[in-house]
Amino acid sequence: MLALLRPLLVGLLLIPVCCYWSQDQVIDRIFSLMVPPLALTIVLALLNIPVRRVLPKWALNGREIAVVYAMLTIACAMSGEWMDMVAPASYGFAVYSSNNPRYGTYILPYVHDWFFFRDPAPLKAFGEGGKTFGFFVSQLPLWWPKIGAWTLLLTLVTTAMLCISALLKDQWVHKERLAFPLVQLPLALTEESVPGQTPLWKNKLFWGSFAVVFAIDMLNGFSFLYPQLPHFNIRFIGDFNRAFVSPPWNQTGWTPVGIFPYLSALGFLMPTDLLFSLLVFFFVRKAQQIIAYSIGNEQGVFGGGGLTPSPPYFSEQSWGAFIGLFVSALWLAKPHLKQLWAQINSGERDPSGGLPARFLFVLLLACIAGTAAIGVGIGLPLPFILLYVLLFLAFSVAVTRLRASLGAPTHEMAFMGPHQLVLDFHGSAGLSNELLTRTLATFHFMNRIHRTHTMPSLMEGLYLADRGKLSAKGMFLALFLAIPLGTVAGFLAHIYFGYRYTPVSWVSGELGGFISNILSTPRPPNPTAMLAVAGGFGTVMLLDFVRFRIPGFWLHPAGYALAMNFGVDYYWFGLLIVLIVKVFVQRFYGLKGYGQLRQIAFGLIVGEFMAELIWATFSMLNDRQTTYSISINGKMSWDQ
């Protein structure tokens, strides 16, 4: 444990920087492999080189840098999209109550003082913006109670996921040997040199692809600032849907044609069958939109989904698919779960040196109980909040398994969460306004979007420790510390930007619209939505059944689960190119050729992330000046 002291200290020093970046440049962490933690880790590794030559005893080794990376990843996730939801909601209903009378009617009478401001008077200066850092510091006593309440809730939920990850790690890492594609680059960056093996930093293919994409991104960045310079478009090239002008073929919604080298490069690290499945089911989803329109259902930009279900019920299909992935994961882990239960009953120590299963299980129950106690404290029935939290944890396990298997560049499931199942299966008509408002307002982070979901990063941190022969207990501690520290740092950064610029208003507006719509228009249970959930579940079970009986069957249920919700739309075209190249190289050049593809992919990712580091730093140092970005969301628009 003492060996972890140095990386823990370095991690603690870098977490505020990472969280500041996360909150200031939000588009840099809306995909699975987030820019701030990886870019800061690369900078740390580069700074470590001269230290190793001059003061070798002070230099960090690869294992220690891996611990820092894992901590930064969790802190970035905690200060990411969860923070984008909870921080603006905590003040938005009060600050903007005079502009939106729905807040006073539907929300402020019901939300709890633990988490939400209800009186706009103390927040008058905050709502004005234009304040200094010193003024922000002087106002912190006003915020600490809210910061503390949200940090406690998020820490309880995330620690429960950390315990589940630790309990399932041996099953997924050693028994099922899941691929963990997104950890391959951090492993390559932090692994110590092995005799007879060329390190990543000395690979010519790595540096060649790095140089090409870095030069393009830097040129595009300068071209963005100085339009007279040439520009090479490697982001959005066009919209495939515009090729069709008449229905039903133009009802596939927004179907951008884009390259995004860093996202496409992740496709080289994905298992080929999963990559193929993801693309096949993406086109299946588009075909469903055409069919849905043909039978009288307008599709719009994205098609059915959201908190108001509509054909072809993509979010409901996704929910069924993720429940199927969860059930499948439990079924495959039956022997492991029996072994865990025996260890819990006997108090046996973990043979691999990790924390005892009994300790993890008790801590898991304590976190679930603590979360439920908070729910009861704000006025929710105990059975309701327990079911709500357990549904979210089951969904989290499925998302984590999907990412460990597939290495999805993004997992963007907008408006998909327990609340959706509550409305679909029970309806809102029999639920009180207090219950609906308090649940959706307080637990909106479980429902809005899941691009920076923390549980996949927790499992990947434990995987890093296993591969690097690090102390499992030490990594658990490092990840646990990063949870509340990342939450607090992200909250403070968000508040500071509110005082410096203006507070965020869209979150409370969006959430307020959902709540007022649900309360003003009671809904009965939705049988069609239930059938869509059952259909998604049945599809996953069928695909698993076929795969277990036909070895090498190319359609994987994880591809269906991810493709049925929006997110793949950004980068499907780049992945299609990657699939063609990957199959060709594997067919004619074998493992050697694939190894070379991996080096090229690593260079593309690092090159883009280093360019983004430069342009994001430029923006942060110049009062959020709009700059070029490699991200799927530009700083001006999607089509930037």
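Note: the structure precedes this text.
Residues numbered from 1 in each chain as written. Predicted model: local features only at pLDDT ≥ 70, side-chain atom pairs only at ≥ 80, totals over all residues. Heavy atoms only, no water.

Visitor: Mind showing me how you'd approach the overall build of the chain here?
Guide: Regarding its fold elements, the chain presents 24 helices and 2 strands. Scaling as 2.2 N^0.38, a compact globule of 640 residues should have a C-alpha radius of gyration of about 26 Å, and the chain matches this with 24 Å. With respect to the principal axes defined by its C-alpha atoms, the chain has extents near 70 × 70 × 60 Å. Residues classed as buried in the chain amount to 59% of the 640 residues present. Restricting to contacts in the chain with at least 6 residues of sequence separation, those with at least 24 account for 81%. About 25,000 Å² of surface is accessible on the chain, with carbon and sulfur atoms providing 68% of the total. Computed over 42 positive and 31 negative side-chain charges, the separation of the two mean positions in the chain equals 7 Å. (Helix = DSSP H or I, 4+ residues; strand = E, 2+ residues; numbered from the N terminus. Rg over C-alpha atoms; globule rule 2.2 N^0.38 Å. Buried < 20%, exposed > 50% of the residue type's maximum accessible area, 1.4 Å probe, protein only. Contact = heavy atoms within 4.5 Å. Areas by Shrake-Rupley, 256 points an atom, 1.4 Å probe, with all protein chains shown as cover. Lys, Arg positive; Asp, Glu negative; His and termini not counted. Charge placed at Lys NZ, Arg CZ, Asp CG, Glu CD.)

Visitor: Honestly, helix H8 (residues 140-175) in this entry has me stumped. Any pointers?
Guide: Residue pairs spaced three or four apart in an α-helix point in one direction, given the helix's 3.6 residues per turn. The end-to-end C-alpha distance of H8, which contains 36 residues, comes to 49 Å, matching closely the 52 Å that a straight helix rising 1.5 Å per residue would cover. Along its length, H8 reaches its greatest deviation from straightness, about 50°, at Leu168. Most of H8 sits out of view: 26 of its 36 residues are buried. (Expected span 1.5 Å × (residues − 1). Bend = angle between axes of the 7 residues up to and from the residue.)

Visitor: Sorry if this is basic, but what is going on with helix H3 (residues 62-78) here?
Guide: Between its first and last C-alpha atoms H3 spans 25 Å; for 17 residues at 1.5 Å apiece the expected length is 24 Å, and the two agree. Most of H3 sits out of view: 16 of its 17 residues are buried. Between the side-chain oxygen of the N-cap and the backbone nitrogen of Arg63 there are 3.1 Å, and the N-cap of H3 in question is Asn61. (Polar contact = N/O pair within 3.5 Å; in protein donor to acceptor, adjacent residues only side chain to side chain.)

Visitor: Just to check I follow, could you spell out the packing of aromatic side chains for this structure?
Guide: Aromatic ring pairs are defined here through the distance separating the ring centres and the angle between the ring planes. On inspection of all chains with the given rule, the structure shows 54 aromatic pairs. Taken together, Tyr20, Tyr91, Phe117, Phe126, Phe133, Phe135, Phe136, Trp143, Tyr496, Phe497, Tyr499 and Tyr501 form an aromatic cluster joined through their ring pairs. The lysine or arginine in question, Lys131, covers the ring of Phe135, its NZ or CZ lying 6.0 Å from the ring centre. Here the basic side chain of Lys334 rests over the ring of Trp331, its NZ or CZ set 3.7 Å away from the ring centre. (Phe/Tyr/Trp six-rings, centres within 6.5 Å; stacked < 30°, edge-to-face > 60°. Lys NZ or Arg CZ within 6 Å of the ring centre and 35° of its normal.)

Visitor: Would you mind going over the nonpolar core with me for this structure?
Guide: Buried together is how nonpolar side chains tend to be arranged in soluble globular proteins. If you look at the biggest cluster of nonpolar residues, it comprises 209 residues, and the most contacted ones within it are Trp143, Phe322 and Phe445. If sequence neighbours within four positions are ignored, Phe322 has contacts with Phe395, Ala398, Val399, Leu402, Met413, Met416 and Ala561. (Core = buried A, V, L, I, M, F, W, Y, C linked by side-chain atoms within 4.5 Å.)

Visitor: Could you clarify how one ought to interpret the side chain of Ser318 in this entry?
Guide: Assignment of secondary structure puts Ser318 in helix H13 (residues 314-332). Setting aside anything within four residues of it in sequence, one finds Ser318 in contact with Met416, Ala561, Met564 and Asn565.

Visitor: Would you explain a nonpolar patch on the surface in this entry?
Guide: On the surface, a cluster of nonpolar side chains totalling about 330 Å² of accessible area is made up of Leu5, Leu9, Leu12 and Leu485. With 3 residues, the top contributor of residues to the nonpolar patch is helix H1 (residues 5-24). With a relative accessible area of 36%, Leu485 lands in the partly exposed category. (Patch = residues over 30% accessible without salt bridge, like charges linked within 9 Å, V, L, I, M, F, W, Y side chains within 5 Å. Salt bridge = Lys/Arg side-chain N within 4 Å of Asp/Glu carboxyl O.)

Visitor: Help me understand the side chain of Ser396, please; the structure alone is not making it clear to me.
Guide: Of note, Ser396 is situated in helix H16 (residues 382-406). With a relative accessible area of 0%, Ser396 lands in the buried category.

Visitor: Would you take a moment to explain the environment of Phe326 for this structure?
Guide: If you trace the backbone, Phe326 turns up in helix H13. With 72 residues separating them along the chain, Phe326 and Ala398 place their C-alpha atoms 4.9 Å apart.

Visitor: Looking at this structure, I do not really get the pattern of salt bridges. What am I missing?
Guide: Once their charged atoms are close, side chains differing in charge can pair, the charge on each being opposite to the other. Applying the stated rule across the entire model yields 18 salt bridges. Of the charged contacts in the structure, one is a salt bridge between Asp466 and Lys169, with a shortest N-O distance of 3.7 Å. Separated by 297 residues along the polypeptide, Asp466 in helix H19 (residues 454-467) and Lys169 in helix H8 bring together distant segments of the chain. Side by side, Asp466 and Lys169 carry an identical accessibility label, which is buried. Salt-bridge contacts for Arg401 lead to Glu176; the nearest nitrogen and oxygen are separated by 2.5 Å.

Visitor: How should the packing of H1 against helix H24 (residues 572-621) be read in this particular structure?
Guide: Helix-helix packing is described using two parameters, namely the angle between the two axes and the distance between the axes. Where H1 contacts H24, the two axes come as close as 11 Å, and the packing angle between them is 80°. With respect to their mutual orientation, H1 and H24 come out roughly perpendicular. Within the contact between the two elements, H1 uses Tyr20, Trp21 and Asp24 and H24 uses Leu613, Ala616 and Met620. Of the residues that constitute the contact of H1 with H24, the class distribution is 5 nonpolar, no polar and 1 charged. (Axes fitted to C-alpha atoms, helices over the stretch in contact; angles between N-to-C directions. Parallel < 35°, antiparallel > 145°, perpendicular 65-115°, else oblique. Nonpolar A, V, L, I, M, F, W, Y, C, P; charged D, E, K, R; others polar.)

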